[in-house]
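Take a look at the letters that make up each chain.
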Amino acid sequence: MSEEAALQSSAAAPDGEARDRSPLLDVRDLMVHFPIQRTTFVGGRRETVHAVDGISLAIDRGETLGLVGESGCGKSTTGRTVVGLYRPTAGQVLFDGRDIAALPPEELRLLRRRFQIVFQDPFSSLNPRMTVGALIGEAFVIHKIGTPAERPALVAELMKLVGLRPDQVSRYPHEFSGGQRQRIAIARALATNPELVVLDEPVSAVDVSVQSQILHLLADLQQRLGLTYLLIAHDLAVVGTICRRIAVMYLGKIVEVGTRDQVYQSTLHPYTRALFSAVPVPDPAVERARRRIILSGEVPSPINPPPGCRFHTRCPIAAERCRVEEPALREPAAGHRVACHRAEEAATTPLQLAADRPGT
Amino acid sequence: MAVAPTPAPQPWTAGAPSALDVRDLSAAFFTRRGVVRAVDEVSFSLQTGETLGIVGESGSGKSATAMAILRDLPFPGRVTGGEVYFQGESLFARPEAAMRRIRGRQIAMVPQDSTASLNPLMTVGEHLDEVLQVHLGLDGQAARQRSVELLSVVGLPEPERRLRAYPHQLSGGMRQRVMIAMAISCRPALLIADEPTTALDATVQAQILELIRSLSQELRTATILITHNLGIVAGLCDRVAVMYAGRVIEVATRDELFANPRHPYTVSLLRCVPRLDRVGVAQLQSIPGQPPDLIRVPPGCAFAPRCPLASGRCTREVPAVTAQGEGHLAACWNAAETGGMSR
């Protein structure tokens, strides 16, 4: 592939050591807390937002892990910490075996070429005063890739790779539609020839007809460039399209993780079940047949997360034990883990997502 | 749709007397860049107690249609043609003072963004009091009592306490419940919900949709639900109108639309929505290209440049509205061939 070859020649070769079977990304007991100062009339109070509160996940090379959850569950904080934008409060983020928080700045800068992030909103993540060429080429300048003379050709290659016309290189972001802007953001992320790309809600700001274009592009790029993805999304249906493994977060914790089929078809956690049942399916027959689980209340504040299981305040099957004892992540089936005392009880009733579901 | 050689004189609006009858409604925004034809000869009708879904992508004219019905388009927008009959009477013939008594009282709106729609300096109670006083003349104790009732109807916990809360002290879901309480406070005959759950999380969205469903059933309100989410339509609406580039391109009952879509855009749209009950990227089809710029809408059918069935006629003549079955209308020259589009 010419695109890949062009990029390969300029980007840093990955370490030289053989790509082994260890996960490319290994997150261990990660905690990210944000101190906040609350001011009142009589003074201030120091409090802590427990955005991510002890999660572990691993992603193998070439794999896509979907991280789903509602707003405030810590999924974006996780994604940003993984690429070094936040420092972990505790725990480790191991990229290719190296703890990115413990690296000296210069080594981290070099390692950064190998992991990149695409943000949700291509309207605010692209500088409106920079042309597409400058936006994409910026990565080459920062990471000292290629010579100034070589860079325009590299930019053109990248634009072609993501489905943009290279003759539009001098245009500004406002001249593009939302979908095209997201393509620009993807091109920017790919400029350093990364191995891991964190996709933070990459399609939630674009329309459905464009959304499927972007999902196809991401799947295609993964195959062509051998990328590893961490896909962060709130939309379970979107996650199901390109992820082989899925982790569900609730209030700073992972509540369930497994293969797509395990999480979709043998759902264990009551929260995952409620989340599934809340997503409308564009098929009146399915909608009529479904029994919707409507949760009461809303996600509690991550400043004072509830004791015991964090979901117990909204859980339809919460028992006394759930209020006092925090459930550990256990593994009832190989590769399928859940943090719930009563998962077996929860999993007895079928969800009825469809009468017949083609298994993939 | 004036040129359409259609069997009935008012094909979109045939049937029993309607709560709302929109006929050939057009509206445009007169911007410095040019005239944005946001709503282009839109026609539909709505019965009492019925829920009509208006679906389309951003810029298809869904919200502009709602604002045009209420004669409430922001500057530089203006209604440029057509008629709107509300309970048999023309809304456009009424003076502005009369419209003010209709808006919020007989036709109420639930907007998408509750944060922008609530005054940050007013408490929940003050918001409700204002509506109740202006439209129903209630004040003091009577208004207070009614407000508490309304907040419990919409499922806000601790209604007495919430009356004293400011918008920023409530979550997004709670604010949307307050918006719905305000909208139903005068028992409107028509409720227009414009993307009421787009800003909310999935589990909260399910709560709010359930609330809208039960309220519209209980109050027998005619409801227009504007959304880009075909899943919401499948669960909640009796009939569906699909919009593209300012036009209604297909109208049918919910089951008919999903089982037997006749417009190529509807067919394509249904196939590019990721579905929970299907996995893998292969199930997802894409529509090539993007919706047209509404300042320069191509001649003929606006979908023609992206349409797999487009023929020469499609790029020259705006498609006639034709009946595709009972209560099923589509504006496509090749509607008969849509069934052949691969599924």
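None of the values given here were measured: they were computed from a predicted structure. (Residues numbered from 1 in each chain as written. Chains lettered and ligands numbered in written order. Predicted model: local features only at pLDDT ≥ 70, side-chain atom pairs only at ≥ 80, totals over all residues. Heavy atoms only, no water.)

Asker: Explain the overall build of chain B here, please?
Answerer: What chain B contains, in helices and strands, is 11 helices and 12 strands. The C-alpha radius of gyration computed for chain B amounts to 21 Å, which stays within 12% of the reference 20 Å derived for 343 residues, consistent with globular compactness. If you line up chain B on its principal axes, its C-alpha atoms span 65 × 50 × 45 Å. Contacts spanning at least 24 positions in sequence make up 64% of the contacts within chain B whose residues lie at least 6 apart. Carbon and sulfur atoms make up 51% of the accessible area of chain B, which amounts to about 14200 Å² in all. If the 34 positive side-chain charges of chain B are averaged to one point and the 32 negative ones to another, these points end up 3 Å apart. (Helix = DSSP H or I, 4+ residues; strand = E, 2+ residues; numbered from the N terminus. Rg over C-alpha atoms; globule rule 2.2 N^0.38 Å. Contact = heavy atoms within 4.5 Å. Areas by Shrake-Rupley, 256 points an atom, 1.4 Å probe, with all protein chains shown as cover. Lys, Arg positive; Asp, Glu negative; His and termini not counted. Charge placed at Lys NZ, Arg CZ, Asp CG, Glu CD.)

Asker: Sorry if this is basic, but what is going on with the interface of chain A and chain B here?
Answerer: Interface size is often expressed as the accessible area that is lost when the parts come together. Counting residues at the interface gives 47 residues for chain A, matched by 42 residues for chain B. Contact between chain A and chain B buries roughly 3800 Å² in total, counting both sides, with carbon and sulfur atoms accounting for 60%. When the buried area of chain A at its contact with chain B is split by residue, Val208(A), Pro282(A) and Glu298(A) rank highest and sum to 17% of it. Across the contact surface, chain A and chain B share 2 salt bridges. Here chain A and chain B share 17 residue pairs in polar contact (both at pLDDT 80 or more) between them. (Buried area = accessible area lost by both parts, 1.4 Å probe. Salt bridge = Lys/Arg side-chain N within 4 Å of Asp/Glu carboxyl O. Polar contact = N/O pair within 3.5 Å; in protein donor to acceptor, adjacent residues only side chain to side chain.)

Asker: It is not clear to me how the sheet that holds strand 2 (residues 43–59) of chain A should be interpreted in this structure. Could you clarify?
Answerer: Sheet strands associate in pairs through backbone hydrogen bonding, adopting either a parallel or an antiparallel arrangement. All names here are of chain A. Strand order in the open sheet formed by 4 strands is 2-1-4-5, with antiparallel pairing between adjacent strands. A single partner strand is all that each edge strand has here, and the edge strands are strand 2 and strand 5 (98–99). Of the strand pairs in this sheet, strand 1 (residues 25–40) and strand 2 are connected by 14 bridges, and their pairing is antiparallel. Bridge pairing in strand 2 places Asp26 opposite Ala58. Where helix 2 (residues 75–82) meets the sheet, it contacts strand 1, strand 2 and strand 4 (90–95), and its direction lies at approximately 115 degrees from that of strand 1. (Pairing = 2+ DSSP bridges. Axes fitted to C-alpha atoms, helices over the stretch in contact; angles between N-to-C directions.)

Asker: Got a minute to help me understand the pattern of salt bridges in this structure?
Answerer: Opposite charge on two side chains lets them pair, provided their charged atoms get close. Residue and element names in this part refer to chain B. Throughout the structure, instances matching the rule amount to 37 salt bridges over all chains. Glu158 is the salt-bridge partner of Arg161, the closest N and O atoms lying 2.9 Å from each other. For Arg161, a relative accessible area of 44% translates into the label partly exposed. Its relative accessible area of 43% is what places Glu158 among the partly exposed residues. (Buried < 20%, exposed > 50% of the residue type's maximum accessible area, 1.4 Å probe, protein only.)

Asker: Quick question: what am I supposed to make of the pairing of strand 4 of chain A here?
Answerer: Within a regular strand, the side chains alternate between the two sheet faces. All names here are of chain A. Relative to strand 4, strand 1 runs antiparallel, the two sharing 5 bridges. Within strand 4, the position partnered with Leu25 by the bridge is Phe95. Across 2 bridges, the pairing between strand 4 and strand 5 is antiparallel. Pairing of Phe95 across the sheet is with Arg98, part of strand 5. Connecting the antiparallel pair strand 4 and strand 5 is a turn made up of 2 residues, with Asp96 showing a positive phi of about 50 degrees.

Asker: Where do I start with the nonpolar core in this structure?
Answerer: Among soluble globular proteins, nonpolar side chains are generally buried collectively. One finds Leu20(B), Phe44(B), Leu151(B), Ile180(B), Leu190(B) and Ile224(B) to be the most contacted residues of the largest nonpolar core, which totals 103 residues. In terms of residue count, the dominant contributor to this core is helix 7 (residues 172–184) of chain B (8 residues). If near-sequence neighbours (up to four positions away) are discounted, Ile180(B) is found in contact with Val110(B), Val154(B), Ile208(B), Leu211(B), Ile212(B) and Leu215(B). One finds Leu225(A), Ala237(A), Ile242(A) and Leu275(A) within the second-largest nonpolar core, a separate group that totals 73 residues. (Core = buried A, V, L, I, M, F, W, Y, C linked by side-chain atoms within 4.5 Å.)

Asker: So what exactly am I meant to see when it comes to the environment of Gly178(A) here?
Answerer: Residues and elements named next belong to chain A. Along the chain, Gly178 falls in helix 6 (residues 178–190). Between the alpha carbons of Gly178 and Gln211 there is a distance of 9.9 Å; along the sequence they are 33 residues apart. Setting aside its immediate chain neighbours within four residues, Gly178 contacts Pro122, Phe123 and Val206.

Asker: Would you explain the confidence of the model for chain A in this entry?
Answerer: The predicted structure's coordinates, where accompanied by low pLDDT, should not be read in detail. All names here are of chain A. Here chain A shows a mean pLDDT of 87. Residues at 70 or above account for 90%. Mean pLDDT values over the elements of chain A span from 41, in helix 1 (residues 2–10), up to 97, in strand 7 (residues 196–200). Across residues 1–18 the pLDDT falls below 50, and counting only partners more than four positions away or on other chains, this stretch makes 28 contacts in the model. Confidence drops under pLDDT 50 across residues 354–360; counting only partners more than four residues distant or on other chains, this segment forms 10 contacts. (pLDDT = per-residue confidence, 0-100.)

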